[in-house]
Amino acid sequence: QVQLVESGGGLVPPGGSLRLSCAASGTISAIYFMGWYRQSPGKQRELVAGILTGGMIDYADSVKGRFTISGDIAKNLVSLQMNNVNTEDTAVYYCNFDLRSSVWSRSAYWGQGIQVTVSS
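Figured I'd write up the structure that's included with this text. Note that the structure is predicted; figures quoted are calculated from it, not measured.

**Overview of the overall build of the protein chain**
Now for step 1: Tallying secondary structure elements over the protein chain gives zero helices and eleven strands in all.
Now for step 2: Its helices and strands in sequence order give the protein chain the pattern β-β-β-β-β-β-β-β-β-β-β, from N to C terminus.
Now for step 3: If one aligns the C-alpha atoms of the protein chain with their principal axes, the spans along those axes are about 50 × 25 × 25 Å.
Now for step 4: With 120 residues in all, the protein chain has 40% of them scored as buried.
Now for step 5: Residue pairs in contact within the protein chain that sit at least 24 positions apart in sequence constitute 55% of those at least 6 positions apart.
Now for step 6: For the protein chain, the accessible surface area stands at approximately 6,400 Å², while carbon and sulfur atoms represent 52% of it.
Now for step 7: Between the centroid of the 9 positive side chains of the protein chain and the centroid of its 8 negative side chains there is a distance of 3 Å.

**Points about the environment of Ala49**
Now for step 1: Structurally, Ala49 can be placed in strand 5 (residues 46–52).
Now for step 2: Setting aside chain neighbours within four positions, we find Ala49 in contact with Gly35, Trp36, Asp58, Tyr59, Ile69 and Leu80.

**A word on the state of the cysteines**
Now for step 1: Inspection of every chain in the model, using the stated rule, returns one disulfide.
Now for step 2: Between the sulfur of Cys22 and that of Cys95 lies a disulfide, 2.0 Å long from S to S. Note on the Cys22 and Cys95 pair: the S-S dihedral is about 40°, so by sign convention the disulfide is right-handed. Note that Cys22 is positioned in strand 3 (residues 18–25) and Cys95 in strand 9 (residues 91–102), a separation of 73 residues in sequence.

**Let's talk about the nonpolar core**
Now for step 1: Of all hydrophobic cores here, the largest spans 30 residues; its most connected members are Leu20, Trp36, Leu80, Tyr93 and Phe97.
Now for step 2: For this core, the secondary-structure elements that each account for two or more residues are strand 3, strand 4 (30–39), strand 5, strand 7 (67–72), strand 8 (77–82), strand 9 and strand 11 (114–118).
Now for step 3: With five residues, the single largest contributor to this core is strand 9.
Now for step 4: When near neighbours in sequence (up to four residues on either side) are disregarded, Leu80 contacts Leu18, Arg19, Leu20, Trp36, Val48, Ala49, Phe67, Thr68, Ile69 and Tyr93.

**Some thoughts on the pairing of strand 10 (residues 105–110)**
Now for step 1: The sheet contact formed by strand 9 and strand 10 spans six bridges and is antiparallel. In the sheet register, Asp98 faces strand 10, and the bridge partner there is Ala108.
Now for step 2: What sits between the antiparallel neighbours strand 9 and strand 10 is a turn of two residues.

**Side note on unusual backbone geometry**
Now for step 1: Here the phi dihedral of Asn76 falls at roughly 55°; this positive angle occurs in a residue that is not glycine.
Now for step 2: Here Asn76 shows up in the loop between strand 7 and strand 8.
Now for step 3: Taking relative accessible area as the criterion, Asn76 reaches 17% and is therefore assigned buried.
Now for step 4: Positive phi, normally seen in glycine, also occurs at Asn84, with a value near 50°.
Now for step 5: Checked against the element boundaries, Asn84 lands in the loop between strand 8 and strand 9.

Calculation criteria
- Residues numbered from 1 in each chain as written.
- Predicted model: local features only at pLDDT ≥ 70, side-chain atom pairs only at ≥ 80, totals over all residues.
- Heavy atoms only, no water.
- Helix = DSSP H or I, 4+ residues; strand = E, 2+ residues; numbered from the N terminus.
- Buried < 20%, exposed > 50% of the residue type's maximum accessible area, 1.4 Å probe, protein only.
- Contact = heavy atoms within 4.5 Å.
- Areas by Shrake-Rupley, 256 points an atom, 1.4 Å probe, with all protein chains shown as cover.
- Lys, Arg positive; Asp, Glu negative; His and termini not counted.
- Charge placed at Lys NZ, Arg CZ, Asp CG, Glu CD.
- Disulfide = S-S within 2.5 Å.
- Core = buried A, V, L, I, M, F, W, Y, C linked by side-chain atoms within 4.5 Å.
- Pairing = 2+ DSSP bridges.

This is how it looks when you write it as structure tokens:
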């Protein structure tokens, strides 16, 4: 059984910074993708940033230059450094791993979601 645990959310003023982290635990033999999604009320869940096997990184246009994703495969950990946040960044953030837990099982797993609120 694989579990993802997120940490680091909360209230931050516009222009401020916040760091989210997500650790995966359980039986993991390979990781293909680590990333962060977000969803605000009335909107669809969207990809914020992701790391593919081999190191390719992609960001949503709205966060390029402000957010930085980093991953540690050895620790099954992915982090999202959020700088110069604005009110449009307010959302529930979800980490996502595409991983293999056995020879027969490859699945996508989601964290429980963590609230980020940007407000003065």
